Amino acid sequence: MNLIKSLIPELVYCTGAVIVFITMWNIMSFVYAMFFLGALLFIVAGYLDSVMRSEKRA
């Protein structure tokens, strides 16, 4: 149960990112939506890197 509770923020974040991606794809174009996902990938990679580093210290 604790695992499910800890995954809720990540699921909300991913759902929001998919909604924004689809909206950008419809309003602008697929290329701009892919730029958005690329930038989002850098942000998520930095977040995961900081989480993994803090796990090693603990």
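This is a predicted model, so every value here is computed, not measured. (Residues numbered from 1 in each chain as written. Predicted model: local features only at pLDDT ≥ 70, side-chain atom pairs only at ≥ 80, totals over all residues. Heavy atoms only, no water.)

Details of the pattern of salt bridges
Under the counting rule described, the total for this entry stands at 1 salt bridge. Residue D49 is joined to R53 by a salt bridge in which the shortest nitrogen-to-oxygen separation is 2.9 Å. Of the two residues, D49 and R53 both sit in helix α2 (residues 30-57), 4 residues apart, roughly one turn of that helix. Classification of D49 by relative accessible area gives partly exposed; the value is 38%. (Salt bridge = Lys/Arg side-chain N within 4 Å of Asp/Glu carboxyl O. Helix = DSSP H or I, 4+ residues; strand = E, 2+ residues; numbered from the N terminus. Buried < 20%, exposed > 50% of the residue type's maximum accessible area, 1.4 Å probe, protein only.)

So, helix α1 (residues 2-27)
Here α1 spans 39 Å end to end across 26 residues, near enough to the 38 Å set by a 1.5 Å rise per residue. The largest bend along α1 measures about 35 degrees and falls at I8, with the proline P9 one to four residues further on. For α1, the set of buried residues is A17, F21 and M24. (Expected span 1.5 Å × (residues − 1). Bend = angle between axes of the 7 residues up to and from the residue.)

In short, geometric facts, not functional conclusions.
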